[in-house]
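# Coordinate inspection notes
This is what each chain is made of:
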Amino acid sequence: MLNKVPEVTLVFWLIKVMSTTVGETGADYLAVHVGLGTSVTGLIMAALLAAVLAVQLRRDRYVPWVYWLTVVLVSIVGTQITDALTDKLEISLYVSTALFAIALAATFAIWFAVERTLSIHSIVTTRRELFYWAAILFTFALGTAAGDLATEALGLGFNVGVVVFMALIAGVAAAYALGANEVLAFWIAYILTRPLGASLGDMLSQSRDYGGLGLGTIYTSLGFLAVIVALVGWLSLAGGSERNPEASPRA
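Here the structure is a predicted model, which means the values were calculated and not measured.

A separate point is the pattern of salt bridges. In this structure the tally under the stated criterion is 4 salt bridges. Residues Arg61 and Asp60 are paired through a salt bridge, measuring 3.3 Å at the closest nitrogen-oxygen approach. Here the salt bridges share partners, and the residues they tie into one network are Glu115, Arg127 and Arg128.

In structure tokens:
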């Protein structure tokens, strides 16, 4: 099996942030505007994720459209999990943030204990890939809870949230440039892109009365989806499905 994860480039982070935004606005659109509700939306998206993840696991290398479709669906499901805990079970965002942080830490601990690496450049077995997707799911759930905690419970708002989370990601990038552990830097940045994407989605979609641009969830979702499709198409045409079979210790 070749490595199943793409190189970490600017395009990687652009698609990641936009998939996060689609997860936020798309889930809201289906649950609220279409009227499916949180539970039905969650079940439909979970079923779609299971089907696409099965396709992803059967591949023997990184295939851009399969990989990024899985990421978008994980983003939506991760959002739905957090929203269900908050809206349905009325669990405090402080509690859910702590729970998801513990779940993610436990996933990393077990992953490292079994595989002795957390590097995304060594996803060359099905077991490592399962650990990887479990971690990705918890990063989305944690990012959603932490982002909602910051923008709603702590009152930052989505406009300030965009600035704050961009600054935090810039801080991680600076630390990496100065020699910080690249595996740790990658996963921290990956978590932070979730609340950044959510805040960006809210800023674009929310009404001007609430400080947003008033584009609405459907236009925001479709716009970002179009860009994601274009970038993934470009990666595919550029030969993005071909990967170096040699694992690297880098993040």
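Pairs of aromatic rings are described using the distance from one ring centre to the other and the angle between the two planes. Counted under the stated rule, the structure contains 19 aromatic pairs. When the ring of Tyr62 is compared with that of Tyr67, the centres are 5.6 Å apart and the planes differ by 80 degrees; the resulting orientation is edge-to-face. By relative accessible area, which is 0% here, Tyr67 ends up buried. Here the aromatic rings of Tyr67 and Trp133 are separated by 5.4 Å at their centres, their planes lie at 45 degrees, and the arrangement is tilted. Highlighted residues: Tyr67 in helix H3 (residues 64-88) and Trp133 in helix H5 (residues 126-153), separated in sequence by 66 residues. Here Lys16 stacks its cationic end above the ring of Tyr190, 4.3 Å away from the centre of that ring.

In terms of nonpolar packing, the biggest core is built from 47 residues, with Tyr67, Trp68, Trp111, Tyr132 and Trp187 touching the most fellow members. Of all the secondary structure elements, the ones that give two or more residues to this core are helix H1 (10-33), helix H2 (37-58), H3, helix H4 (93-115), H5, helix H7 (182-205) and helix H8 (217-237). If we ignore the near neighbours within four places in the chain, the residues touching Tyr67 are Lys4, Val5, Pro6, Phe12, Gln56, Tyr62, Tyr132 and Trp133.

If you check H3, its first and last C-alpha atoms are 35 Å apart, about what 25 residues at 1.5 Å a residue would give, namely 36 Å. Here H3 lies mainly inside the structure; 18 of its 25 residues are buried. In the stretch just after H3, Glu90 is the one whose phi turns positive, near 55 degrees.

Looking now at the environment of Pro6. In this structure, Pro6 sits in the segment before H1. Sequence separation of Pro6 and Arg61 is 55 residues, and the distance between their C-alpha atoms is 9.8 Å.

With that out of the way, let us pick up the confidence of the model for the protein chain. Parts of the prediction with low pLDDT should not have their coordinates interpreted in detail. Looking at the protein chain as a whole, the pLDDT averages 86, with 94% of positions reaching at least 70. Here H1 is the element of the protein chain with the lowest mean pLDDT, 82, and H4 is the one with the highest, 95. Scored below 50 in pLDDT, residues 240-251 makes 36 contacts in the model with residues more than four places away or belonging to other chains.

The rules behind these values
Residues numbered from 1 in each chain as written. Predicted model: local features only at pLDDT ≥ 70, side-chain atom pairs only at ≥ 80, totals over all residues. Heavy atoms only, no water. Salt bridge = Lys/Arg side-chain N within 4 Å of Asp/Glu carboxyl O. Phe/Tyr/Trp six-rings, centres within 6.5 Å; stacked < 30°, edge-to-face > 60°. Buried < 20%, exposed > 50% of the residue type's maximum accessible area, 1.4 Å probe, protein only. Helix = DSSP H or I, 4+ residues; strand = E, 2+ residues; numbered from the N terminus. Lys NZ or Arg CZ within 6 Å of the ring centre and 35° of its normal. Core = buried A, V, L, I, M, F, W, Y, C linked by side-chain atoms within 4.5 Å. Contact = heavy atoms within 4.5 Å. Expected span 1.5 Å × (residues − 1). pLDDT = per-residue confidence, 0-100.

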